[in-house]
Each structure stands twice: as C-alpha cells, then as structure tokens.
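Per-entry structural report
So the chains spell out like this:
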Amino acid sequence: MMDNLRTASSHIVLKIILGLIIVSFVLTGVGNYLIGGNSDYAAKVNGVTISGPQLENAFNNERNRQQQQLGAQFAQLAGNEQFVQQMRQQAMSDLVDQTLLQQYVKSLGLDVSNDQIKQAIFAQKAFQTDGHFDNARFTGLINSMGYTPDQYAVALRKSLSTGQLINGITDTDFMLKNEISQLVSLVAQQRNVREAVISTDALAAKQTVSDDEVNSYYQQHKDSFLAPEQFRVSYIKLDAASLQKTPSPQQVQAWYDSHKSDYTTPQRTRFSVIQVKTQADADAVLAQLKQGADFAALAKEKSIDPISARKGGDMGWLEPDTLPDELKNAGLTTKGQISGAIKSSVGYLIARVDDIQPEQIQPLSAVYTTVAQSAEQDSAVSEFYQLQQKVSDAASNNNASLSGAASVSGVNVVETGWFTRDTLPADLNFDQVKQVIFGGTLLGSNGAAGNNSDIITVEGDRAFVVRISDHKPEAVQPLVQVKQQIVDAIKHDKALQQARTQATAIVDQLKQGKTTSFDAAGLKFAASETLERNNPNAVTSTVFALPQPQADKPSYGIGEDMQGNVVILALDKISEGTLPEAQVKQMVAGVTQNNAQLVFAALLQNLRHNAKIKYGAAAQMQ
C-alpha cells in the first residue's frame, strides 16, 4: 500500500499538493511525528522512542497555546519556573498519550487507505484558491518547507487512523428514551415556594460591639485590611504619528524608485506537462507531437501524473519563485514552445508553454497616494527612532528627573495620581510599560524614587520613558481607619447568627403546625412563586433540596438571599415541567459527550497502566 502511495506521490503535481499538506499538519501538531534526532531521548513507550527534539517541538506548541489562551497574563506566569515545568510535563504527557494511542490503533488493525489520504488532501482548503487546487501555492510551500511525501504520508496516516479511534468512541455513546425522559423530568421540575424574610440589617442595628471585640477582630483579620501597593509615576510619551509630514514629490519619487518591486507583478508562465516513465515513452510522445497530435489529448492518454492528466496536462500559472526545477531549467521562453524529454527523479517530462504574462510595473501616477503615505510613514518612523535614541541618552545622562529627556523631545512630562497594579492609567496600560513600572528596577532603596527607565517601545509607533515619583508599599491599614468597617462586620455577624437561630426555632414550630413564634416575629409569607432548576436564584439549591410536601402540608427550610438576609421557605408543590426539543437535544449531546470523554480518559489511563514507560534525560531538561 505504501509503495503505491510512494509511486503516486512522486508525480510532479502531487509533490506540490503533499508539500502544502505537510505545512498544514505541522501547524496543527502532526509535525511532532516528523521530527527525530540523535540527542538524548525524552521517553520510551513500550520500546518506541520519543526523541528530545519531539519534546521540544511539543513544548513550544504547548507554550504557544498557553500564550494565546492567557494573553497578557502569560508573560508574568512564564517567569515562574514551576509554571514552565508544568508546561513541559503537559507536553511530555501529550506525547506519551499520542504514542500509546498509535500503538493501540495498530493493535486494533485500524488503517487508512490511500484513497482516504487523497480525499484528506483534496479537502484541505489551505491548498485551494477560489475553491480549486492552486499548483503555484503547492510548489512554493513544498519548496520552502523541504518535507518529503513519505514523511507526510506517515504523519497523515497516523493522524487519520487515530481519528478513527477517537470518533469510534465519541460517536457511539447514547441515551435510552426513558433515561432522557427522567433527565428532562428532573431538570425541568418546578417548585412552588413562599418566602418570609428575617432582615439582618434590622437586627444588626440593635447589636452592640465592645472595643475588645473590635481589637480581637482586627488582630484575627489583618489580611483583610491590607492597603495595596501604590505608585505615582511621571512619564514622557513619544508618538510617531506626531512626526508625520507630507513628503515632497521628490521624496515620493525616491521612495517609489527604491521600492519598485512592491508595485511589480512578476512574469507568470502557464505550462502543460506530459509525464512518462522512460526515455522511449518520451520519444514516442514527442514523435506524435511532431506529427501534429493534440498535446492535451496525449496528456490525458499518456501522462502518468493523474492530477495534471485530468486537465490535459495543465499546470496552471506559475511564477519564477514557484517554478519546479525541472521546468525552470528547461529553457522554455516562448509561447507554444515544446520541450524535449526532460529527465526528472521519477521519469521524463514533455512540457509546453501555453501562455506568458510579462512582468508589469504600476506607474507612479497610478499609485501616487499609496506611495506618498508609505513615504510619509517611513520618514516618520526613521525620525521616531532617531528621537528615541536622543531621549534615551538624555534620560540616562540626567537620571534624577525627566527634565533632560523632556527638553530633548519637546514633549511635556505627565504626572499621574496614585494608582495600584489594578488601576494603571489608561495611557500607560500596556504590558511592556507594566513590566517596567512593577518590575522593581525603577525603585530606589527603601522604596524611594529611583531611576529613569530606558525607552519602552509599544506597538512600534509609541514609546515611553517613565520614573516612579512616589511609592507606598502594601501595608495593613491602621485600626483607626477601619474601625467602623469592623464594627459593621461584627454587628452583621451577630445579626446573622441571631437570625439563623431564630429561623431554626420558627421552622421547628412550623413543622409541628404551630405559628406562635412566626407571628410573634411579625413575619408573613410572600405570595407563592415558581422556581426552576435552570433559572437559579440565591435560594434555589435549598428549595430543590427540600423533601416533597405531604398531604397539603408544606415542607419548610432555611436559606439566605442575595442581600444576606435569612429566609424561611415553605415548599407547597412540586410539578413536572417541559423543555424545548432543541434544549433536550443539546442536553443529551452534552451528557453523551461527557460520557465519551470519561470513556476515552479511562482508555488512556488503562493504556498507561499497562505500558512500560521510561523517561530519559531530555524529559528533565528545563
């Protein structure tokens, strides 16, 4: 089977297709299979080696994934050695799981046919232009990546066969009708409940608090009264946009002349090819062409390249950078010119030039506005970088203030008010600036004002120089500042405990059919409301935990609302509800997917339990 694929993959057009496919799978992680090496191994799984380079590639993929997921937070976490080690361990674990799955797939006899591989190739949108294969793109990518068809075939076959196993697990879980009915009945259940509220605020107003209680609370909860670290910053902001000036016609012309290739469409040539196995076959085809035979008809009949043959040998438009070497060296320069027999690695080619589009250069008059904008931006950027260097030198030479840097830049120094790590002023809210301000390098001894920063470039067109004007470290607030807060907290705690005790006594009486305490507290049940599981509020979990009411006698319970009040609950009725069909399907899909994930996790756990896994030196690299 592999021999057939290897033969097919040697055709000139299929080489191009396979190259681009390899790019696609490398970008999605399949490239792990293609990387070997002779360095210390990372692990051996039932005798199969996972190399050091494989682990490094997987680690880099995991790092990129985490960076995309965490965004700005990643920069801070990446400086933590433990976090980096966890990423490495995760990458190692994933490689072991992949290897175990491949071994299990092989033991099951799962395989992927050549036709399935071809279909996977044809389905890749990355290889298409306007929904059709683009040979020029294929050629360019395979030349740039340098992978072989055999390497791709191995990776793709492993990926597709493992996919068969995963699909076999995830697509086979199901729920019976009565299971679905019971689940819907449970999820859609409705409960009619009445509430009577004991106000903790009213009770708190009646509480008293001693100084000893305040002092004790303060000592036990000092961590709750931390004032966050605070900063005041002075800074200079440079902006490339402010340096833009309309260029003269001479400057526009000069920029155009030095960037003319940006406005040039290179020559494109359209070829048709006939690929055959031997010199004799090539000579026979050439003889027929000399006798007037139709090139396209011969390509369909004689060419062993299945893709181009279907199109009468047409290879599409190719640019010099994407032209295969066999055609590049054939010396074909004229429309209609037919080559002789061209030797290739898999046989012989006869090529014909179908058309030539000469190089085209857009005149300056047609692109003047675009060129002028580019010239203006380039000039501003160049001036911007020169200004940065001057400001950097000034800030370094006069490190006690920003006055020197301000004088050189012509920009006023901005002073901020006090802010914390979470309230950085919007004008400074960039990761690069945060790292400098909060990194500790700008503070002097004992937290005093220290140095000017170096130039901090942001998004390529803005730059800052900052210095910390004043600093307050994190500290526990004095008791006098938080005393009232403590008094209120103690009163609330006392009131809540009193309300809970009172509610417990009242509910005990209500369960006995007595309302004496309930009436004495001046409580009344509000009108009945219907609660549903999928529309929760603060007391929903308590209500749905109450037992079913019996013989028209409510079930009673105690909960707390969003305002911190204690609520006495009277459950009067339980009834079944319904769910929309779409919601039922979504719920069933979620349950079956979760079950499939559990099965798959159990499979991996079992494979690991029965496997012989030995970790090598590369797995311990930091």
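Model, not experiment: these values are computed from the prediction.

**Comments concerning the overall build of the protein chain**
Each helix and strand counted, the protein chain has 23 helices and 21 strands in total. Across the protein chain, the fraction of contacts at a sequence separation of at least 24, relative to all contacts at a separation of at least 6, is 75%. As displayed, the protein chain has an accessible area near 34200 Å², and 48% of this comes from carbon and sulfur atoms.

**Concerning the nonpolar core**
Core analysis: the biggest nonpolar cluster contains 25 residues, and Ile50, Leu55 and Met92 have the highest contact counts within it. Taken together, the elements giving at least two residues each to this core come down to β1 (43-45), α3 (52-70), α5 (81-108), α8 (149-170) and α23 (581-610). The biggest single contributor to this core is α5, with nine residues. Excluding residues within four positions of it along the chain, Met92 makes contact with Ala42, Ala43, Ile50, Leu55, Tyr615 and Ala619.

**What about the sheet that holds β1?**
Paired through backbone hydrogen bonds, the strands of a sheet run either parallel or antiparallel to each other. Ordered in space as β2-β1-β21, the three strands form an open sheet in which the pairing is antiparallel. The sheet is open, and its two edges are formed by β2 (48-50) and β21 (613-615), each paired on a single side. Between one strand axis and the next, the sheet turns by 20° as a mean value, whatever way the strands run.

**Here we look at the sheet that holds strand β20 (residues 566-575)**
Taken in spatial order, the four strands of this open sheet run β18-β5-β20-β19, and their pairing is antiparallel. For this open sheet the edge positions go to β18 (529-532) and β19 (555-560), each flanked by a neighbour on one side alone. Direction aside, neighbouring strands of the sheet carry axes that sit 40° apart on average. Two strands pair when backbone bridges link them, and β19 and β20 are joined in this way by six bridges, in the antiparallel orientation. When the sheet's bridge partners are listed, Glu560 is paired in β20 with Val566. Running over the sheet, helix α20 (residues 479-511) touches β5 (190-198), β19 and β20 and is turned about 170° from β19.

**Remarks on helix α12 (residues 249-258)**
For α12, the complete set of buried residues consists of Val252, Trp255 and Tyr256. Buried residues along α12 cover an arc of 100° about the axis, so they all sit on one side. Along α12, exposed side chains directed more than 90 degrees from the buried face belong to Gln250 and Ser258. Turning to α12, the residues buried within the fold contact β13 (360-361) and α17 (364-397).

**Remarks on the pattern of salt bridges**
A side chain with one charge can pair with a side chain of the opposite charge if their charged atoms come near. Scanning the entire structure with this criterion turns up 16 salt bridges. Here Glu62 ties to Arg65 by a salt bridge, and the two come within 2.7 Å at their closest N and O atoms. Taken together, the residues span about one helical turn, with Glu62 and Arg65 both in helix α3 at a distance of three residues. For Arg194, the salt bridge identified is with Asp572, shortest N-O distance 2.7 Å. Separated by 378 residues along the polypeptide, Arg194 in strand β5 and Asp572 in strand β20 bring together distant segments of the chain. Under the relative-accessibility criterion, Asp572 is labelled partly exposed at 30%.

**Some words on the environment of Gln583**
Within the secondary structure, Gln583 is located in helix α23. Gln583 gets classed as partly exposed once you look at its relative accessible area, which sits at 30%. Sequence-wise, Gln583 and Val184 are 399 residues apart; in three dimensions their C-alpha atoms are separated by 9.7 Å.

**Description of the side chain of Ser453**
On the secondary structure map, Ser453 appears in the loop between α19 (431-438) and β15 (456-458). The exposure class of Ser453 is buried, given its relative accessible area of 7%. Among residues more than four places away in sequence, those in contact with Ser453 are Ala395, Val436, Leu442, Phe464, Val465 and Val466.

**Quick notes on the packing of helix α11 (residues 211-220) against α20**
For the pair α11 and α20, interaxial distance at closest approach is 9 Å and the crossing angle is 100°. On the basis of their axis angle, the class for α11 and α20 is roughly perpendicular. Contact with α11, carried on its side by Asp211, Glu213, Val214, Asn215, Tyr217 and Tyr218, involves Leu479, Val482, Lys483, Ile486, Val487, Ala489, Ile490, Asp493 and Lys494 of α20 and no other residues of that element.

**Comments concerning the pairing of strand β12 (residues 347-357)**
Consecutive side chains of a regular strand alternate in pointing toward one face of the sheet and then the other. Bridge count for strand β9 (residues 268-276) against β12 is nine bridges, and the pairing is antiparallel. Within β12, the residue paired with Ile274 across the bridge is Ile350. Alignment of strand β11 (residues 342-344) against β12, held across three bridges, turns out to be antiparallel. Across the sheet, the residue bridging to Lys343 is Tyr348, located in β12. The turn joining β11 and β12, which pair antiparallel and follow one another in sequence, is formed by two residues.

**Comments concerning unusual backbone geometry**
Located in the positive-phi region is Asn46, a residue other than glycine, with phi close to 50°. Counting through the fold element by element, Asn46 comes out in the loop between β1 and β2. Judged by its relative accessible area of 39%, Asn46 is partly exposed. Residues other than glycine seldom take positive phi values, yet Ala551 does so here, at roughly 50°. With respect to the helices and strands, Ala551 occurs in the loop between α22 (540-543) and β19.

**Some remarks on the environment of Thr322**
Within the fold, Thr322 resides in the loop between β10 (314-318) and α16 (325-328). Sequence separation between Thr322 and Arg268 is 54 residues, and the spatial gap between their C-alpha atoms is 9.9 Å.

**Remarks on the confidence of the model for the protein chain**
On average, the protein chain scores 83 in pLDDT, and the residues at 70 or more come to 87%. When the criterion is pLDDT under 50, residues 1-38 qualifies, and its contacts beyond four places in sequence or with other chains add up to 103 contacts.

**Structural notes on the packing of helix α9 (residues 177-187) against α23**
The N-to-C vectors of α9 and α23 enclose an angle of 110°; their axes lie 11 Å apart at closest approach. Viewed along their axes, α9 and α23 adopt a mutual orientation that is roughly perpendicular. The two elements α9 and α23 cross, and the hand of that crossing is right-handed. On α23, the residues that touch Ile180, Leu183, Val184 and Val187 of α9 are Val584, Met587, Val588 and Val591. Split by residue class, the contact of α9 with α23 holds eight nonpolar, no polar and no charged.

Definitions and cut-offs
- In this convention, every chain numbers its residues from 1, walking through the sequence in written order.
- With pLDDT at 70 or above as the cut-off, local features in this predicted model cover only qualifying residues; side-chain atom pairs require 80 or more to be listed or tallied, and sums for whole chains, interfaces and linings still use all residues.
- As a rule here, side-chain values come from all non-hydrogen atoms in the structure, and water together with hydrogens is ignored.
- For helices the rule is a DSSP run of H or I covering at least 4 residues; for strands it is a run of E covering at least 2, with both sets numbered from the N terminus onward.
- Whether two residues touch is decided by their heavy atoms; if any such pair falls within 4.5 Å, the residues are in contact.
- Surface exposure here means Shrake-Rupley accessible area, sampled with a 1.4 Å probe, where a residue is shielded only by the protein chains that are shown.
- Among the buried residues, those of types Ala, Val, Leu, Ile, Met, Phe, Trp, Tyr and Cys that are joined through side-chain atoms within 4.5 Å form a nonpolar core.
- Categorising residues by exposure relies on relative accessible area from a 1.4 Å probe, with only protein chains included: less than 20% of the type maximum marks a residue as buried, more than 50% marks it as exposed, and the intermediate range marks it as partly exposed.
- Should DSSP find at least two bridges between two strands, the strands are regarded as paired.
- Each axis is a line fitted through C-alpha atoms, and for a helix only the stretch in contact is used; angles between axes span 0 to 180 degrees, taken between their N-to-C directions.
- What the arc describes is the spread of directions from the helix axis to the C-beta atoms.
- For salt bridges, the criterion is a side-chain nitrogen of Lys or Arg within 4 Å of an Asp or Glu carboxyl oxygen.
- Orientation labels follow simple angle bins: below 35 degrees gives roughly parallel, above 145 gives roughly antiparallel, 65 to 115 gives roughly perpendicular, and whatever is left gives oblique.
- As a per-residue quantity, pLDDT reports the predictor's confidence and falls between 0 and 100.
- Handedness of a crossing follows from how the near helix is turned relative to the far one, being left-handed for an anticlockwise turn of less than a right angle and right-handed for a clockwise one.
- Charged means Asp, Glu, Lys or Arg here, nonpolar means Ala, Val, Leu, Ile, Met, Phe, Trp, Tyr, Cys or Pro, and polar covers whatever is left, Gly included.

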